[in-house]
There are 2 protein chains.
Amino acid sequence: MKNKIHSVSLKQTRCEDKFWSPYQKKVVDTVIPYQQRILNDEIPGAEKSHALANFRIAAGMEEGEFYGMVFQDSDVAKWLEAAAYSLWVHPDPELEKSADEVIDIIAKAQQEDGYLDSYFTIKEPEHRWKNLLEGHELYCMGHMMEAACGYYEVTGKKKILEVAENMADCIASVFHEGHYGIPGHEEVEVGLMRLYQLTGEEKYSKLAAYFIENRGKQKDFFHREKENRDFEIFGMDPDYLEYNQSHAPVREQKSAEGHAVRAVYLYRAMADLAAATEDESLKQACEVLMDNILQKKMYLTGAIGSSGEWESFSKDYDLPPDRAYAETCAQIGLVFFAKSMLELEPKGKYADIIERCIYNSTISGMQLDGKHFFYVNPLETNPGLSGEVFGMKHVLPERPGWYACACCPPNLARMILSIGKYCWSESEDTIYAHLMIGQKAELDHANIAVETEYPWKGEVKYILTPKTEEAFTLAVHVPGYVSEKSLTITINGEAAGYQIKDGYAYICRTWGAGDVVQMSFPMEIRKMYGTVRCRDTVGCVGLMRGPIVYCIEGVDNGLQLQALILPRDSKIEEHKETEGALAGTVTLTMNALREADSAELYSVNAPERTPVTMKAVPYYIWGNRGLGQMRVWIRE
Amino acid sequence: MKNKIHSVSLKQTRCEDKFWSPYQKKVVDTVIPYQQRILNDEIPGAEKSHALANFRIAAGMEEGEFYGMVFQDSDVAKWLEAAAYSLWVHPDPELEKSADEVIDIIAKAQQEDGYLDSYFTIKEPEHRWKNLLEGHELYCMGHMMEAACGYYEVTGKKKILEVAENMADCIASVFHEGHYGIPGHEEVEVGLMRLYQLTGEEKYSKLAAYFIENRGKQKDFFHREKENRDFEIFGMDPDYLEYNQSHAPVREQKSAEGHAVRAVYLYRAMADLAAATEDESLKQACEVLMDNILQKKMYLTGAIGSSGEWESFSKDYDLPPDRAYAETCAQIGLVFFAKSMLELEPKGKYADIIERCIYNSTISGMQLDGKHFFYVNPLETNPGLSGEVFGMKHVLPERPGWYACACCPPNLARMILSIGKYCWSESEDTIYAHLMIGQKAELDHANIAVETEYPWKGEVKYILTPKTEEAFTLAVHVPGYVSEKSLTITINGEAAGYQIKDGYAYICRTWGAGDVVQMSFPMEIRKMYGTVRCRDTVGCVGLMRGPIVYCIEGVDNGLQLQALILPRDSKIEEHKETEGALAGTVTLTMNALREADSAELYSVNAPERTPVTMKAVPYYIWGNRGLGQMRVWIRE
């Protein structure tokens, strides 16, 4: 691959977008400070975190016992990464000072040899690396590497980066071809690949490769590990190999299996490694896994990991809307994986899945107040059943407050704050524009201002200020739902010459300052049908407009949403909302039929149908207007 | 109630029915001997039972350890009860000898004071009565009382009845107003009421009343019990009070809650007690509970206990077809409960639910070979998902062999063999004919020969030989699905005068020998619609003909049954099967539409529909022709 594609730094982008800027402001103003107070145990009534205290104790700065989950350290790492991006989005000397103080504590908690894990350091130093299945040491360190790269990228401060590098060296001293080991929860592979991408040091990509390539090579590893240790953390089954994707070497895995977050973190690192090493067969392994997800294991909203057991992928086409797990973090991980795939090969389907996730099943995890979060992102909720009956206990009909296991909120925070990064890749001769998000970007070939009202309008302007007089290509992602013939691309108001390939419009020319590329396409409402292989969606339609998936809610449509039917010929009208929680969104109204309620459990009489008006709202905003039913799939 | 209704003895009926006699023969020829060998650990490869060995050890007849579930004794009791009925259906001196030998062992295992429980006698005699939540002593003894009554009724031999009476006295010596206690699994209440019905001894109904009335009176009982004991059996949660219906006094319970088998056993005993004591408010409590089941918690097949967790009732209208628990024993218990309700007040709805259960969700538990059984009777199975994915692990797509916990097969055996009992009740002036099952019955007022090809034909003849010259009433149940105007009742070929009340046609006259009452009604195929309150059945129809619920199976209809649609105007044709597993049944064929398969997970194109022929077969016979999908609810 002589014309290698690379990602851009967050610092090359400055988001100014009607959709995303308010989300970023919410995260900066609310989520980051709130989580900071959580980590410091300053929120009265909130479940004790103790995460920073753990580091202070490990650092010898105070006395005490470890408290929390074995992976409590990762809360601090994720916050630090999100805080770094927050400092870019909205510089804040006080936040930076707090972050520096946190880094000081972390650095002090790091052991002589580079080891960093407050749980084992405080509680069981003799058990270091002895329970890779459950211990989460590598997981926590991986997150710390990500935080370090992010913090260094934004602030230029090296302290936490050095901590990360020392950690990596420590890990390398333990795990090498003479000593087999793989983590029970993948993430260190991601952290190491980020270290590699930032520093160019191959020792990091090689260590990542060690963990990636060894996975599934010794299938009895966790079993033997358990036999050889005399302590437990969770009591996990060491033989449920699919759970952590160790059931086969990664190149032999043909379907996405097991814990969804673990899976997509692994796949992302695999894609990053394949890009770094130009490894064609590893790339193909990634493609097979991604295709299995996209073609057989993904909800309409982009959500993955449908099984309510083990937060895992289920079998192909088993996508129950009302019992979905669909963890926010899994979708975020899928965004990361898809972005890495784009840098292996720019295919529209990867940008499409990023769109599908970021506009639907990721941000659905956060209440508009920034203080309540879902892990689980179902496509149907039924108060009275959801959260209560067998098979639905994990499906909450309302977002609760911060969790004791706080993985999703900071993960969402970092995705939202770094959204600019996902918009671009560059190669020697091409700028790839993956997403339509308003911003100012300073890329290698050009500065580009992006103006758009996407996802509500099918229009985007790229205003270029080239940095070179040589011709280069702007490759603009054309969403998969846009037909070629409905697409218009102009340059400076005149029809542009372009070539469509794999979901991207390639425009090659010598650019002048102020050149405006405008892409327009109609925003049509689409009725989506699931394949009949999905038992749960037959006879139903899902509504989409652009990348937005819609749902119907009780607050607009009354009780028993399952009684509502959308006739195939019903005309759907759009409405731009201006007030309340829905302000700024496009909602849909349509003629529908409602089947009559009946107290008779079974009857020979088909329920009568009466015409009603039905309103659908963007899925991501559901549950912001009180408790009620919600459904994405509407009977047709 | 001066004109009290009473049940009839099995010995008053002699089944000669085209539908039931082959089932009885299967049970006599296969199930009873097979279970006998299981109990004696004579089946190579089958899971060890040890149930009779436990009794022998407790009796001091051999050395050894207790083996099996804490309620292993009940396997012997249920077998003995079924064997008793088998001796009536098909006298067999060898079986009777074996049963007598079993009884000898049981009698020897009974302790001086009447206590009988091999688990506690062998393992933990000091823990007698100390773990009523989990110990199942009263449950096992209740089943032994039922067996005793059955065996005495059929054989006239008193030995096991005396064992039962001694047990009851032992229980009464422990549980009385000075000492609170209720069993964690109801059943002793049923056994005691049967003892009362057989012997007329009020001490038994009073002891039953003690257990029934005390239930839910001390809500902390199981909690305190657990605190005061130092041993566990299962580690059950003592505070999940709904599980064993101890969340409220029984008269205050308004909905069926908790473990479905426990619940209906309790309700049956309540109904029996209400009948015995003419207790109007207890009768009303039974009616409220039955109505909750019939109106909100019952599958189309009559199955109950929909939750895959704790084998329990779920919330109202939560009746998922593919995740049903619907334990065979729960439906059998519902048959018993409904029969007891009929003796409180002859209402057609109770006979209807008996019909619905006996022709559908009870016998569905048994393979036609009599050697494979379901606990769980789902209304939809999907091989590859059923039994494998979250929420469906308990739903098997094929009947396995005998279970280690063998509650359902002998329960089904006793129901099938004693089916004649459920056909009749009598009062001072009325014979109630609840079911249409071919037989010769010797009732108090008359001998009646019943001739019918029900459930396949809507025609039944009652040929009476009265035993009295005084007028009396024959009250014939008219199935709830038969309209009054389509009903014809003749006497000796001429239109009869009758009055319909609450689902029964009352014919009062002075009867002559050989009088023939003939009831006829059209057997129409009914499309059944669930209320829209059930999320799982909206947009679907279930097919019924007479009491028979139909399903579609993969063997007849190919893959992806969820792709099949039955148009509302489709004409359904009947076909009398003559060959193979379906021989003798009426199957249905109809024009349907099949939606095209698609490898595309989500598409803007609705699947195309092509006409196909669809075949539906009786639900109870599903799974007898190889592994495939099955669905009761068909998309309309």
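Now for a quick tour of the structure. (Residues numbered from 1 in each chain as written. Chains lettered and ligands numbered in written order. Predicted model: local features only at pLDDT ≥ 70, side-chain atom pairs only at ≥ 80, totals over all residues. Heavy atoms only, no water.)

### A few points about the interface of chain A and chain B
Under the convention used in this document: We call two residues contacting when some pair of their heavy atoms lies within 4.5 Å. When two parts are put together, the accessible area they lose, computed with a 1.4 Å probe and summed over both, is reported as buried area. Just to be clear on terms, a salt bridge is a Lys or Arg side-chain nitrogen sitting within 4 Å of an Asp or Glu carboxyl oxygen. Polar contact is defined as a pair of N or O atoms within 3.5 Å, subject to the rule that within protein one atom must be able to donate a hydrogen and the other to accept it, and that residues adjacent in sequence are counted only when both atoms are side-chain atoms. Helix and strand definitions here come from DSSP, where helices need a minimum of 4 consecutive H or I residues and strands a minimum of 2 consecutive E residues; each element is numbered from the N-terminal end.
Each side of the interface is counted separately: chain A has 61 residues, and chain B has 62 residues. Interface area for chain A against chain B, summed over the two sides, is near 4,800 Å², with a carbon-plus-sulfur share of 57%. If you sort the residues of chain A by the area they bury against chain B, A:F390, A:R535 and A:Y602 come out on top, with a joint share of 18%. B:R533 is the partner of A:D597 in a salt bridge, and the nearest nitrogen-oxygen pair spans 2.8 Å. Summed over the shared surface of chain A and chain B, the number is 26 residue pairs in polar contact (both at pLDDT 80 or more). Of all elements in the fold, only α12 (280-296), β15 (525-530) and β21 (602-603) of chain A reach the threshold of two or more residues within the side of chain A that touches chain B.

### Overview of the sheet that holds strand β13 (residues 504-509) of chain A
Residues and elements named next belong to chain A. Selection rule: Any two strands with at least two DSSP bridges between them are considered paired.
Spatially, 6 strands are ordered β1-β4-β5-β9-β13-β12 in an open sheet, and the strand pairing comes out mixed. Both edges of this open sheet fall to β1 (6-7) and β12 (499-501), since each of them pairs with a single strand only. The pairing of β1 with strand β4 (residues 424-426) spans 2 bridges and is antiparallel. Counted as the bridge partner of H6 is E426 from β4.

### Description of the relation of the copies chain A and chain B
Each of the two chain copies goes to the other by way of a rotation about an axis and a shift along it. Heads up, the rule is: What sets the superposition is a least-squares fit of C-alpha atoms, and only residues with pLDDT of at least 70 in both copies go into it.
Between chain A and chain B, the superposition needs a rotation of 180° and an axial shift of 0.0 Å, giving an RMSD of 0.0 Å. With respect to symmetry, the two chain copies, as superposed, fit the operation of a two-fold axis. No C-alpha of chain A lies nearer the rotation axis than that of A:G391, which sits 2.6 Å from it. When you check the interface residues of chain A against chain B, 100% turn up at the interface there too, and the contact is symmetric in its surfaces.

### So, the sheet that holds strand β10 (residues 488-491) of chain A
Residue and element names in this part refer to chain A. Pairing in this open sheet of 7 strands is antiparallel, and the strands run β2-β6-β7-β8-β14-β10-β11 from one edge to the other. Edge positions in the sheet fall to β2 (13-15) and β11 (494-495), since each has one partner strand and no second. Of the strand pairs in this sheet, strand β7 (residues 446-452) and strand β8 (residues 459-466) are connected by 7 bridges, and their pairing is antiparallel. When the sheet's bridge partners are listed, N447 is paired in β8 with T465.

### With respect to the nonpolar core
Convention followed: Nonpolar cores were defined as sets of buried Ala, Val, Leu, Ile, Met, Phe, Trp, Tyr and Cys residues, with membership established by side-chain atoms within 4.5 Å. Burial classes follow relative accessibility: with a 1.4 Å probe on protein chains only, a residue under 20% of its type's maximum area counts as buried, one over 50% as exposed, and anything between as partly exposed.
Judged by nonpolar contacts, the single largest core of 224 residues is most densely connected at B:W20, B:I293, B:W424 and B:Y462. No other element matches the 14 residues that helix α11 (residues 260-277) of chain B contributes to this core. The contacts of B:I293, once residues within four sequence positions are left out, are B:A256, B:V264, B:Y267, B:M298, B:I304, B:F313, B:L334 and B:F337. By size, the runner-up hydrophobic cluster in this structure holds 223 residues, among which are A:M270, A:F373, A:F472 and A:M590.

### Things to note about the environment of A:L582
Residue and element names in this part refer to chain A. Note that L582 resides in the loop between β19 (572-576) and β20 (586-595). When its relative accessible area of 5% is taken as the criterion, L582 is described as buried. Distance from L582 to Q245, taken between C-alpha atoms, is 40 Å for residues 337 residues apart in sequence. The contact partners of L582, leaving out residues within four places of it in the chain, are E577, T587, K615, V617, I621 and R625.

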